[in-house]
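Chain by chain, the residues:
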Amino acid sequence: MSAQAFDFEVTGLNCGGCVNRAERAIQSVSGVQTATVSLSTAKAHVAFDAGSDPATGLAQVGSQLDDAGYPPRHESLTLALSGVTCGGCIRTIENALNALPGVREAAANLSMGTAQVDYLPGAVTTNDMIAAVEAVGYGAETVDDSAQAGRDGDDAAAREQAQLRRRMGIAAAFAVPLVVIAMGRHVPGGTAWFGQWLPERAWIAVEWLLATPIVFWAGLDFFRKGVKEMRHRAPAMSSLVMIGAGSAYGYSLLALWVPGIFPAGTAGSYFEASGVIVTLILLGRYLEQIARGRTSMAIKRLLGMQARTARVLREAGAIEVDIDSVERGEAVMIRPGERIPVDATLTEGQSRVDESMITGEPVPVAKAAGDRLVAGTVNGQGSLTARVTEVGGDTVLAQIIGMVEKAQAEKPPIQQMADRIAGVFVPVVLVIALLTAAIWLTIGPEPVLSYAFVATVSVLLIACPCAMGLATPTAVMVATGKGAENGLLLRRGAALESLAQADTMVLDKTGTLTLGRPQLTDLVVPTGSEDEALALMAAVETHSEHPLGQALVSAAAARDLAVPTATEFEAVTGYGVQATVAGRYVHIGAAHYMEWLGVDIAAVQTEAQALMRAAKTPVFAAVDGQLLGVAAVADPPRPESEGVIAALRERGLRIAMVTGDEAATANALAERLGIDEVMAGVLPDGKAREVQRLQGEGRRVAFVGDGINDAPALAQADVGMAIGTGTDVAIEAGDAVLMRADLNGLIDAVALARRTYRTIKGNFIWAYGYNVLLIPVAAGLLFPLTGWLLNPMAAAGAMSLSSLFVLTNSLRLRRFRPSPAVTEA
């Protein structure tokens, strides 16, 4: 075997030293024959020794380059799959893709019918991936982006559904007379009635003629895939159906043409079983396909919100063009009632825009010049002109679709466990079937061969792992879709499981529990007018950039006060500010500033201390050496904070707050809001350490922050939840994003996650329990007690019923409704 060589791009190369270090990193991997890295092309050429495993070798090369600081460039690709029917299919496809050198990770999803592949461009091609999938018996084609993936996925699903409907219709057309003929001869008087037309052997021949098109036309796909599965030593659903239905057909065919080879009384016909087995499984798959389509309704609705055309202002005037031809910087017109086609900044006009598909908030948002418009939202009654800022895959809507699809494709830990079980389940079933046959042939009653055959085929058919493969992805698909509809974006499917299991929720204070901007909360003026005092203070603070000063300026503006002009402004470091206003000297600052100036603050001392105890910052003001008053500035909690925290505590969560504020201020807010635990004086880079400390105590932590300076803590937590700003979805640190700055979404997120996890566990209990209980029944466990043996046709129907139950149970999540919003405790 000759050496295999691969080329791929390397990032982070800046000089010859980088090249040397990258080459040494590659050469440190066992099995690498030669390695060269080019600075000019930023490419690596790696050859492996003959006999080494290049897939494992390339994975190790990538890891070494990552550690060295020169990670290989990798891309993601979505493959639309066809012919996948169970967890075994998914496992087979993933194994085939992951075995390709250059594929970093491949994850297939049964419900979506897609595979997400992370790979090294150059080392492996899309044709290699498609060929690998086709080699194990399935179909695959590439899709370019989220929107196209959704459309292609719908087209592929529609084609597969139409094909299933056609095959099922043909099968049913032959199966009905087949059952009438086969079963009719066994009802009282049936033998005589049918016997007057044809002898028994001729009726069996008719059954053969009716069963053949069912098994070898309608069911041909089972045999094609089954052969490939067995050839690749990865038996799955098609293998079980192929062996079960094929055995029934082959046994009957021999009994029809060479009955003498069978022991007396065992040359029976099972043509009706083979035909009905295939028909029932096709019916089950068809109903399953319909139900699986319903699980992706949320994505379809999001895709439907994408405008296909836009009205662009060009030299020829306003012309309607395809959305793909719109470019950044162009001006677009949006008429009343139209969907906004692209992300844009409003330049002319006023209106109210329905942004519920982004934020989940039903109340339309007022828009004026300078405001941002989001693609897919609906314009109200105004006519608007806007400048395009983002198009195509860069729009907020495209990012949302991409996030939801990525979350749906990712496998939570519980699904990874299920896939491992599914990978060995079918081989175990085949062993159980062989043992069943051996036991019946050894100790079964006469006709022993017939009993052994029926029991073995029933075991093969009832044990299909379809329900196991559907248990998690269907529930995750519905849940992530419902979340997107209600302003909760789940960037990772595993976030649902992690959030459901969380017992501690840590919330950042500023901007999360609070509004994130200081506001004037109190104003105490011993003598004179409050408005006059505030106007004087605002006049000075207009020249200051300090957040406390800006709070005073904003308060004066909110009261529509006439603010005079200040001159000779000066900031006194560590104390405050001063300026001249209409010939009067105004000083503003902390208590020690007043003391330094010799201003007596005794008249407001009691009020100032009360304000500090309430976690508010007192700001004193003096005019011409006399006390003017004291203002209190604070970052107030959100109106819903107290009520949301109470609701989360009722659900069994321990609530903690982390802040850089001093302990007194933090504890005052915590006591007001009902928070269980306070971590005060924590710098931004220390938040992750606090989360790690809680995890070290055995807690499962959900961290809630603004997604910007909380990134390390969001990443460290078991599940990180970023508070969005309505349209900012490019928050990469969090596992989940609340699309509007409203904590009510936390209640719904916890409720949805827990309900989804309960649904998944219910699905697994059914899927595993079903097989554990019914495989022994199919094998004949009840026969010694009741004389009853499960018919293979009933086994096929029961197997389909199991998958439909799991799908129906997952679809119940579509009925999830958000809790009524909490505005105050």
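Fair warning: this is a prediction, and the values are worked out from it, not measured in the lab.

Trainee: I tried to follow the pattern of salt bridges on my own but got confused; where do I start?
Mentor: Any two side chains of opposite charge can pair if their charged atoms end up close together. Applying the stated criterion across every chain, the model contains 22 salt bridges. Close ionic contact of Arg 311 with Glu 320 constitutes a salt bridge, the shortest N to O distance being 3.3 Å. Between Asp 522 and Lys 616 there is a salt bridge, with its nearest N and O atoms 2.8 Å apart. Residue Asp 522 is located in strand S19 (residues 519-524), and its partner Lys 616 is located in the loop between helix H22 (602-613) and strand S23 (617-623); the two are separated by 94 residues in the primary sequence. The exposure class assigned to Lys 616 is partly exposed, which follows from its relative accessible area of 21%. Linked through salt bridges whose partners overlap, the residues forming this network are Arg 654, Glu 677, Glu 690, Arg 693, Glu 697 and Arg 699.

Trainee: Please explain the sheet that holds strand S27 (residues 701-705) as it appears in this structure.
Mentor: Pairing between the strands of a sheet is mediated by backbone hydrogen bonds and can be parallel or antiparallel. Spatially, the seven strands line up as an open sheet ordered S17-S29-S28-S27-S18-S25-S26, and their pairing is mixed. Each edge of the sheet is formed by a strand with only one pairing partner; in this case those strands are strand S17 (488-490) and strand S26 (677-679). Neighbour-to-neighbour, the strand axes of this sheet turn through a mean angle of 20°, independent of strand direction. Relative to strand S29 (residues 736-738), strand S28 (residues 719-723) is paired through three bridges, and the arrangement is parallel. Residue pairing for S29: Ala 722 is matched across the bridge by Val 737.

Trainee: What is the right way to look at helix H25 (residues 687-696) in this model?
Mentor: Along an α-helix, a turn takes 3.6 residues, which lines up residues three or four apart on a common side. All of the buried residues in H25 are Lys 687, Ala 688, Val 691 and Leu 694. Down the axis of H25, the buried set is contained in an arc of 120°. They therefore lie on one face. Set apart from the buried face of H25 by more than 90 degrees, the exposed residues are Arg 689 and Gly 696. Looking one or two places after H25, you find Gly 698, whose phi comes out positive at around 90°.

Trainee: Looking at this structure, how should I read the UniProt feature "transmembrane region" (unreviewed entry) in the protein?
Mentor: Per the UniProt entry, the sites bearing "transmembrane region" (unreviewed entry) are residues 168-187, 202-220, 240-262, 268-287, 421-443, 449-472, 764-783 and 789-807 in this numbering. Taken end to end, residues 202-220 is 95% helix and 0% strand, and its two terminal C-alpha atoms sit 26 Å from one another. Taken as a whole, residues 764-783 contains 85% helix and 0% strand, while its terminal C-alpha atoms sit 28 Å from one another.

Trainee: Explain the packing of aromatic side chains here, please?
Mentor: Each aromatic ring pair is summarised here by two numbers: the centre-to-centre distance and the angle between the ring planes. Taken as a whole, this structure holds twelve aromatic pairs when the rule is applied. Through successive ring pairs, a cluster of aromatic residues spans Phe 216, Phe 223, Tyr 249 and Phe 271.

Trainee: Could you clarify how one ought to interpret the pairing of S28 in this entry?
Mentor: The two faces of a sheet get side chains in turn, since along a regular strand they alternate between them. A large share of S28 lies buried, amounting to five of its five residues. Bridge count for S27 against S28 is four bridges, and the pairing is parallel. Considered in S28, the bridge of Val 704 is made with Met 721.

The rules behind the values
- Residues numbered from 1 in each chain as written.
- Predicted model: local features only at pLDDT ≥ 70, side-chain atom pairs only at ≥ 80, totals over all residues.
- Heavy atoms only, no water.
- Salt bridge = Lys/Arg side-chain N within 4 Å of Asp/Glu carboxyl O.
- Helix = DSSP H or I, 4+ residues; strand = E, 2+ residues; numbered from the N terminus.
- Buried < 20%, exposed > 50% of the residue type's maximum accessible area, 1.4 Å probe, protein only.
- Pairing = 2+ DSSP bridges.
- Axes fitted to C-alpha atoms, helices over the stretch in contact; angles between N-to-C directions.
- Arc of directions from axis to C-beta.
- UniProt positions renumbered as here; feature names shortened; annotations may be inferred.
- Phe/Tyr/Trp six-rings, centres within 6.5 Å; stacked < 30°, edge-to-face > 60°.

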